[in-house]
Each structure stands twice: as structure tokens, then as C-alpha cells.
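Below are the chains, spelled out letter by letter.
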Amino acid sequence: MVITPDGRTLIVAETLAMRLTAFDIAPDGSLANRRVWATLGMRAPDGICLDADGHVWIANAIAPECVLVAEGGSIVATVTTSQPSFACMLGGNDRRTLFALTAQTSMAEIACQSRQGRIECAHVQAAGAGRP
């Protein structure tokens, strides 16, 4: 989940539904106005993060990539990883380094034995924004 810099919108990754869903955040913290922010076709968003242009990076749990998505579902950019991605975050000194956590599988018993998990990095154009 991410919260936009103005604190007014929560965007949630629905992995198995293959979409991002948004909610308005009221002053009391309650959520309203549930809506589809983006449908993603055959991309399963696991971890997500927000950039300064208002786009969302998704870690694709079923393919070796992280994808930058605009509201409505347009693909803005793609970063290829060596294996499926399960989390991503923008960081570094200028928040323009995309850190992707990747593994061959999300099945704990297999992942623990294969020990192939990685943190992969790519430099991207727009800095990170919002929370987390």
C-alpha cells in the first residue's frame, strides 16, 4: 500500500485481482470512494511504491520485472529483473534507485532451500514520493 504525498489517497495492490485499487482518506482516517486505479492484465502487483510523477511502481510476482503504471493502467516504464519481483521501493540519496526484491518463488519452503533471493537495483527517472 502507498499513501499519496497529500495524504488524501491510499492505493492498494490487489495481487490476485491483478489491479491497483484506490480509496479517499477522510480527515478522521476512514476510507471512502473505493475505485479501480489501474487494471494490470497479466501482471500481479505484490509490493508497490509511488514516484513523484504520481505513478506506481509494481513488483510483478509472476514475471521478472517491475513496472511503472499510470492511473488508468498505462505502462510508463519497465525494469527487467532476473527473477519474479515481490517488493520494490525507491531509495538512495536522491530516491531514484529502484530496489527490487526478487526470488524464484514465493513458496517459503522452496525459497529457503534454493537461497536465490536478491536485491536488484536500477536507476529511474522520477524520485520516490508519498509513504512509505
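Note that the coordinates shown come from a computational prediction; the quantities given were computed from them, not determined experimentally. (Residues numbered from 1 in each chain as written. Predicted model: local features only at pLDDT ≥ 70, side-chain atom pairs only at ≥ 80, totals over all residues. Heavy atoms only, no water.)

A. Quick peek at the overall build of the chain. Scanning the chain from N- to C-terminus turns up 1 helix and 12 strands. Walking the chain from its N terminus toward its C terminus, one meets helices and strands in the order β-β-β-β-β-β-β-β-β-β-α-β-β. The C-alpha radius of gyration computed for the chain amounts to 15 Å, which stays within 12% of the reference 14 Å derived for 132 residues, consistent with globular compactness. Its C-alpha atoms give the chain principal-axis dimensions of about 45 × 30 × 25 Å. (Helix = DSSP H or I, 4+ residues; strand = E, 2+ residues; numbered from the N terminus. Rg over C-alpha atoms; globule rule 2.2 N^0.38 Å.)

B. The sheet that holds strand β6 (residues 56-60), seen in detail. As summarised here, the arrangement of the 5 strands in space is β8-β7-β6-β5-β12, forming an open sheet in which the pairing is antiparallel. Two strands in the sheet have a free side with no partner beyond their single neighbour: β8 (75-80) and β12 (128-129). Relative to β6, strand β5 (residues 45-51) runs antiparallel, the two being bridged by 4 bridges. Paired with Ile48 across the two strands is Ile58, which belongs to β6. (Pairing = 2+ DSSP bridges.)

C. Quick peek at the sheet that holds strand β4 (residues 31-39). Within the open sheet, the 4 strands sit side by side as β1-β2-β3-β4. Their pairing is antiparallel. Each end of this open sheet is capped by a strand with a single partner; those strands are β1 (2-3) and β4.

D. A look at the environment of Ala127. Tracing the backbone through its elements, the reader meets Ala127 in the loop between β11 (118-123) and β12. On a C-alpha basis, the gap between Ala127 and Asp51 in space is 5.5 Å, while along the polypeptide they are 76 residues apart. Once residues lying within four places of it in the same chain are set aside, the contact partners of Ala127 are Leu50, Asp51, Ala52, Leu90, Asp94, Arg95 and Arg96. (Contact = heavy atoms within 4.5 Å.)

E. Representation of the nonpolar core within the structure. Counting 14 residues, the largest nonpolar core has Ile11, Leu20, Trp37, Ile48, Val56, Ile58 and Val69 as the members making the most contacts within it. Contributions of two or more residues to this core are made by β2 (9-14), β3 (19-25), β4, β5, β6 and β7 (65-69). For Ile48, the residues in contact, after removing those within four places along its chain, are Met1, Val2, Ile11, Val12, Ala13, Leu20, Val56, Trp57, Ile58 and Cys88. Of all hydrophobic cores here, the second largest spans 12 residues; its members include Leu90, Leu98, Ala122 and Val124. (Core = buried A, V, L, I, M, F, W, Y, C linked by side-chain atoms within 4.5 Å. Buried < 20%, exposed > 50% of the residue type's maximum accessible area, 1.4 Å probe, protein only.)

F. Geometry of the environment of Arg131. Turning to its location among the elements, Arg131 is positioned in the segment after β12. By relative accessible area, Arg131 is classed as exposed at 52%.

G. Main features of the pairing of strand β10 (residues 97-102). Here 6 bridges tie strand β9 (residues 85-91) to β10, and the two strands are oriented antiparallel to one another. When the sheet's bridge partners are listed, Met89 is paired in β10 with Phe99. Taking the residues between adjacent antiparallel strands as the criterion, β9 and β10 are bridged by 5 residues, where Gly92 takes a positive phi near 85°. With 6 bridges connecting them, β10 and β11 associate as antiparallel partners. Looking at β11, one finds that Thr97 is bridged to His123.

H. The pairing of β8, seen in detail. Where β7 and β8 come together, 5 bridges link them in antiparallel fashion. Among the inter-strand pairings, Leu68 is bridged to a residue of β8, identified as Ala77. Between β7 and the antiparallel strand that follows it, β8, lie 5 residues; Gly72 among them carries a positive phi value of about 100°.

I. Highlighting the environment of Ala122. As for its position among the elements, Ala122 is in strand β11. Classification of Ala122 by relative accessible area gives buried; the value is 18%. Along the chain, Ala122 and Leu101 lie 21 residues apart, while their C-alpha atoms are 12 Å from each other.

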